[in-house]
Amino acid sequence: MNKFPITNSTKFHLALNLCIGLTLSVLLTGCGGGDTQVVETPLPPAKEQPVINYSGPAATTEDIQNFKLALWDNIATEERCGACHIQGEQSPNFARNDDINLAYTDTNPLVSLTSPQDSILVTKVAEGHNCWLDSDQACADIMTTWIANWGNNEQAATEIALQAPVDKDPGANKNFPVDSSLFETTIFPLLETYCASCHTNSAAIPISPYIASSDQTEAYEASIPRLNLDSPADSRIVGRVRDEFHNCWTNCSSDAQSLIDAIQSMADQIETTELDQQLVNSKALTLFDGTLASGGGRFETNLIAKWEFKTGAGNTAFDTSGVEPALNLTLSGQYDWVGGYGIQLANGKAQGSTTNSKKIHDLITATGEFSIETWVAPANVTQEGPARIVSYSGGKDRRNFTVGQTLYNYNTLLRSDQADSNGMPMMSTADADEDLQAALQHVVINFSPISGRQIYVNGQFTDDNDEQVGAILSEWDDSFALVLGNEVSGDVPWAGTIRMVAIHNRVLETEQITKNFDAGIGQKYFLLFNVSELIALEQSYLVFEVSQFDSYSYLFAEPFFYNLNADASIPDVSIRSLRIGINGRELPFGQAYANLDTQLNNDDYITGEGQPLSRLGTLVQVEKGPTADEFFLVFERIGEFENIKVAAQPPTPALPNDLQAQSDIGVKNFAEINASMAAMTKVPLSNTATKQTFDTLSQQLPSVTNIGSFLASNQMAITQLAIKYCDALVSSPTMRTDYFQEFDFSLPANTAFTSDNRQQLTSVLIDNMLGNNVSSQPEQDEVEIELNNLITRLTDCSDGKVCDAQYTQTIVKASCAAVLGSAAMLIQ
């Protein structure tokens, strides 16, 4: 056995065959209209709960008792396995309710505690046998969790056994054209006619994928991964109708044939791509020909809810934690499924029922602490908010907790005895750190009464401190619902991708967070590209770690050389210019390994680990989908074989344009303006009034420093912000006394502005806002004249205006704003 000791999950093979005599009746109905509803998953009735009704002999060992609590109590209900696999009924009797010790004996051959995902109980439900949910994958994941809980299996990182794939040469392929016109005339008419009631984003209950969208380009892109041009009968879209009886419009067999004929018609009009015979290439693989490289190494001892989004279709995200009741989430609004597991939200959400969400309340308040763990990829760093990512709330202004985003910051709101019903005050990561990025990130929010809230990003503590140390969760409301995305449509929508969410009712320790971060997310495979013939050494492979990065690309990373024969002696072999091919042709771009020039040798090769070739990664575009895309490697030179590429002569560069001269001066952007006003007035950036005004005006303030792009609307926003800063300064007795010192604000306006008082006022403003001996600033004397003219106009009380002490403050505010909002602050 060849071992690769990097990640996890040794294979445990079972020899016992399970005899199944149960006939599975599958009733599938078509899609229907109506309002989106959150589906309740209630607890089974009391009569179906063996954990309550069991009256047989007691468990004779601790392991049997663990088996009962973790697995048997969950599977022995009549709605799952307890209707058939009991004494006197269908064998094996692993759900029998007369003797837990006999049930334990019958169950042991059906499970692997060292590799729960390979248990026969798991594989049977994964194949659709008596799955109690709409998703076989979800049933398999939950069964895996129950078995792992029995073995107290924390999925420790173990060795992966690299397995030789079946050798096959890169074949001739039919590749999808960029243009959708062929699809529109062959396949789309059937989809539009029979699938549009559900599979469009405008349906009453929109169900992804949108293969019948009125936007035919969108429909084409959604259909490509579900079509097989080389073998139309193997298309997923055909199998759904023919084998799963999904929404048949007349007869499932004939309807499937109609789809096959339409796909064949499209394929017949596409030329076959033949492999260039001059290429020096490896054998070929699809993604699923590889060795699974992920799925373990996580700490989940205190897990109470988990969503992995493996279904990939429909409008339900299943809770696969195995903790009842299952908190399944209903998707609505603008959402889409992401390849490689995940959902993408725009103005959409995934919401659980209030009944099943109550388990979050009950299990967390019982411990008084929790961790919210997510893998998320924000769409951008411009989202205001906090835009809601994960919430347990009762609306936009009532919540138990929320994890959100504001620009580059992660936010967390938490209701407690030290916070209001909306979870305020909010805790955020520091602005200067810019912890949030528009990239896939592992984010953990911890809370305990001892430490308060703590935020970890990609396994690292952000060093942000919480004010709610010592808080308790006694104020939590158990009538709220768990929501991913926006709580109220159109309010503060979050845009981005969620790959996984897990909730724990204990805090994750630092080493546990690191462990879960290192375990990664999604399906990863080791693809073993056979190069044995090219280097004259049997069982030789170039291995890539490959995953489906999103719906549009695969991630190829960190290639290494490996030989499955532990006793092999590696010859000296040169490898130059490694490239990736897909579906019969070399990729025209994204060739990160084209400059590779290395030597295989016995000295650098480590038995059981291989020889690393590169630390780089690259993205490869999804074309036909993960089940059909066929990859291979191409070399300029490997061993005795070579196919040297001659680079084309680059075109003569065009003469540079004689551009208009750029200005030597510019303007400050929105953040610089806010920071400058705070510094000039000495009003803190954290001041509530000024911060709220800045948040409101930030998109109206200049976003770039080019003076040519400066608009009148920018100046209007600057003026409003300057007025707010000066208002905050003058309205605060403490701040105005520290700032203006000798000026007497208690005098009425008609006597406060004597010559000496004016001089004192204007000098303070000029010194703080213009500075001294700055050659690029306006002349101080000229500014002082303008300020005196302004004050003279404002102190004219002849028209009957009230010139009291309050009006004195108004004049000072106006004088302050005139300087603060001027070019003296703005230009740089």
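Just so you know, these numbers come straight off a predicted model, no measurement behind them.

**Q** Is there a simple way to think about the packing of aromatic side chains in this case?
**A** Counted by the stated rule, this structure contains 31 aromatic pairs. With 6.5 Å between their ring centres and 70 degrees between their planes, phenylalanine 176 and tyrosine 220 make a pair best called edge-to-face. Taken together, the residues span a long stretch of sequence, with phenylalanine 176 in the loop between strand E1 (173-174) and helix H6 (181-186) and tyrosine 220 in helix H8 (residues 216-223) at a distance of 44 residues. By the burial criterion, phenylalanine 176 is buried, and tyrosine 220 matches it. Counting every residue linked through ring pairs, the aromatic cluster contains Phe370, Tyr392, Phe401, Phe447, Trp476 and Phe480. The aromatic ring of phenylalanine 745 is capped on one face by arginine 736, whose charged end is 5.2 Å from the ring centroid.

**Q** What is the right way to look at the environment of phenylalanine 556 in this model?
**A** With respect to the element layout, phenylalanine 556 can be found in strand E21 (residues 553-563). A sequence separation of 257 residues divides phenylalanine 556 from lysine 813, and the C-alpha atoms of the two residues are 60 Å apart. In this structure phenylalanine 556 touches Phe529, Phe544, Glu545, Val546, Ile580, Tyr593, Leu616, Gly617, Thr618, Val620 and Phe631, once residues within four positions along its chain are discounted.

**Q** What's the story with the pairing of strand E10 (residues 387-395) in this structure? I'm lost.
**A** Put simply, side chains in a regular strand alternate between the two faces of the sheet. Across the nine residues that make up E10, a large majority, eight, are buried. In this structure, E10 lies alongside strand E11 (residues 398-406), joined through seven bridges in antiparallel fashion. Within E11, the position partnered with glycine 395 by the bridge is arginine 398. Once E10 ends, the chain turns through two residues before running back antiparallel as E11. Summarising the sheet, E10 and strand E17 (residues 481-485) pair through four bridges and their orientation is antiparallel.

**Q** How do you make sense of the packing of helix H20 (residues 780-794) against helix H21 (residues 805-820) when you look at a structure like this?
**A** The angle between the axes and the distance between the axes are what describe a pair of packed helices. Contact geometry for H20 and H21: axes closest at 10 Å, N-to-C directions at 150 degrees. Overall, the two elements H20 and H21 adopt an arrangement that is roughly antiparallel. Judged by the twist between their axes, the crossing of H20 over H21 is right-handed. Within the contact between the two elements, H20 uses Leu787, Leu790, Ile791 and Leu794 and H21 uses Tyr807, Ile811, Ala814, Ser815, Ala818 and Val819. In the contact of H20 with H21, the residues fall into nine nonpolar, one polar and no charged.

**Q** Explain helix H16 (residues 712-731) here, please?
**A** Residue pairs spaced three or four apart in an α-helix point in one direction, given the helix's 3.6 residues per turn. Between its first and last C-alpha atoms H16 spans 28 Å; for 20 residues at 1.5 Å apiece the expected length is 28 Å, and the two agree. Taken together, the buried positions of H16 are occupied by Asn714, Ala717, Ile718, Leu721, Ala722, Tyr725, Cys726, Ala728, Leu729 and Val730.

**Q** Is there a simple way to think about the pairing of strand E19 (residues 524-530) in this case?
**A** Among the seven residues that make up E19, six are buried, leaving the element largely enclosed by the rest of the structure. Of the strand pairs in this sheet, strand E4 (residues 291-292) and E19 are connected by two bridges, and their pairing is antiparallel. Counterpart to leucine 292 in the pairing with E19 is tyrosine 525. Sheet analysis places E19 next to strand E20 (residues 540-550), joined by seven bridges and oriented antiparallel. Looking at E20, one finds that tyrosine 525 is bridged to valine 546.

Rules and cut-offs
- Residues numbered from 1 in each chain as written.
- Predicted model: local features only at pLDDT ≥ 70, side-chain atom pairs only at ≥ 80, totals over all residues.
- Heavy atoms only, no water.
- Phe/Tyr/Trp six-rings, centres within 6.5 Å; stacked < 30°, edge-to-face > 60°.
- Helix = DSSP H or I, 4+ residues; strand = E, 2+ residues; numbered from the N terminus.
- Buried < 20%, exposed > 50% of the residue type's maximum accessible area, 1.4 Å probe, protein only.
- Lys NZ or Arg CZ within 6 Å of the ring centre and 35° of its normal.
- Contact = heavy atoms within 4.5 Å.
- Pairing = 2+ DSSP bridges.
- Axes fitted to C-alpha atoms, helices over the stretch in contact; angles between N-to-C directions.
- Parallel < 35°, antiparallel > 145°, perpendicular 65-115°, else oblique.
- Left-handed = near helix turned anticlockwise from the far one by under 90°.
- Nonpolar A, V, L, I, M, F, W, Y, C, P; charged D, E, K, R; others polar.
- Expected span 1.5 Å × (residues − 1).

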